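What the coordinates show
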Amino acid sequence: MIIDQDGTISIITQEKATIVELVKKIQALYPKFKKNNIIVCLSSLNNLGLQDIIEFLELSNTHRSSKQSFVIVSDKIDLNIVPDEIVIVPTTQEAYDIIEMEEMERDLGF
């Protein structure tokens, strides 16, 4: 797991660990990220299934309920099967765009 910081955005990049291991590591380090928007980059993984994405559901819901963005980056999953509570985009640039839009919505009180 590689962690980068870009302003108020924490970018977590998956290297070799399984999705379950990654989610456990993020949860263990969560106090470090809880005040930032989070991008989880899974682009290096070849096969992603619905169960892999659902592993992030609790973490995503917790983070989004605290008025922060949680976005997963992967172009290896069919977006039609993903629950609406999880935000997945195919590129890092789109993740930044989503965070920018969500911050504007929060500023406007939506």
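Nothing here was measured: the structure is a model prediction, and the numbers come from that model.

This paragraph deals with the side chain of Ser 74. Along the chain, Ser 74 falls in the loop between β4 (70-73) and β5 (87-89). Looking at Ser 74, its side chain comes within polar contact range of the main-chain nitrogen of Lys 76, at 3.1 Å. Excluding its chain neighbours within four sequence positions, the residues that come into contact with Ser 74 are Leu 42, Leu 48, Ile 88, Val 89 and Pro 90.

On to helix α5 (residues 92-108). If you check α5, its first and last C-alpha atoms are 25 Å apart, about what 17 residues at 1.5 Å a residue would give, namely 24 Å. Listed in full, the buried residues belonging to α5 are Ala 95, Ile 98, Ile 99 and Glu 102. Buried residues in α5, looked at end-on, bunch into an arc of 100°, giving them a common side. Relative to its buried face, α5 has exposed residues pointing more than 90 degrees away, namely Gln 93, Asp 107 and Leu 108. Of the residues one or two after α5, Gly 109 is the one with positive phi, at around 85°.

This paragraph deals with the packing of aromatic side chains. Enumeration over the complete set of coordinates arrives at one aromatic pair. With a centroid separation of 6.3 Å and an interplanar angle of 45°, the aromatic rings of Phe 56 and Phe 70 are classed as tilted. You can see Phe 56 sitting in the loop between α3 (50-54) and α4 (57-65) and its partner Phe 70 sitting in strand β4, a full 14 residues away along the chain. For the pair shown, Phe 56 and Phe 70 are each scored as buried.

On to a nonpolar patch on the surface. Together, Leu 50, Ile 54 and Ile 81 make up an exposed nonpolar region whose accessible area comes to about 210 Å². Structurally, Ile 81 can be placed in the loop between β4 and β5. The partly exposed category is assigned to Ile 81, whose relative accessible area is 42%.

Every buried residue of helix α1 (residues 19-28) is listed here: Ile 19, Leu 22, Val 23 and Ile 26. Angular distribution of buried residues about the axis of α1 spans 100°; they occupy a single face of the element. The outward face of α1, more than 90 degrees from its buried face, is lined by the exposed residues Lys 24 and Ala 28. Those residues of α1 that are buried lie in contact with β2 (9-13), α2 (30-33), β3 (37-41), α3 and α4.

The next point concerns the sheet that holds β3. Taken together, five strands build an open sheet; the order of strands is β1-β2-β3-β4-β5 and the sheet is mixed. Each edge of the open sheet carries a strand with a single partner, namely β1 (2-6) and β5. Put simply, the sheet's adjacent strands are angled 25° from each other on average, direction ignored. Sheet strands touched by α4: β3, β4 and β5. Its angle to β4, the strand with the most contacts, is close to 140°. Packing against the sheet, α5 makes contact with β1, β2, β3, β4 and β5, and its axis sits at approximately 160° to β3.

Definitions and limits used
Residues numbered from 1 in each chain as written. Predicted model: local features only at pLDDT ≥ 70, side-chain atom pairs only at ≥ 80, totals over all residues. Heavy atoms only, no water. Helix = DSSP H or I, 4+ residues; strand = E, 2+ residues; numbered from the N terminus. Polar contact = N/O pair within 3.5 Å; in protein donor to acceptor, adjacent residues only side chain to side chain. Contact = heavy atoms within 4.5 Å. Expected span 1.5 Å × (residues − 1). Buried < 20%, exposed > 50% of the residue type's maximum accessible area, 1.4 Å probe, protein only. Arc of directions from axis to C-beta. Phe/Tyr/Trp six-rings, centres within 6.5 Å; stacked < 30°, edge-to-face > 60°. Patch = residues over 30% accessible without salt bridge, like charges linked within 9 Å, V, L, I, M, F, W, Y side chains within 5 Å. Areas by Shrake-Rupley, 256 points an atom, 1.4 Å probe, with all protein chains shown as cover. Salt bridge = Lys/Arg side-chain N within 4 Å of Asp/Glu carboxyl O. Pairing = 2+ DSSP bridges. Axes fitted to C-alpha atoms, helices over the stretch in contact; angles between N-to-C directions.

Bear in mind that shape data such as this cannot, by itself, settle questions of function.
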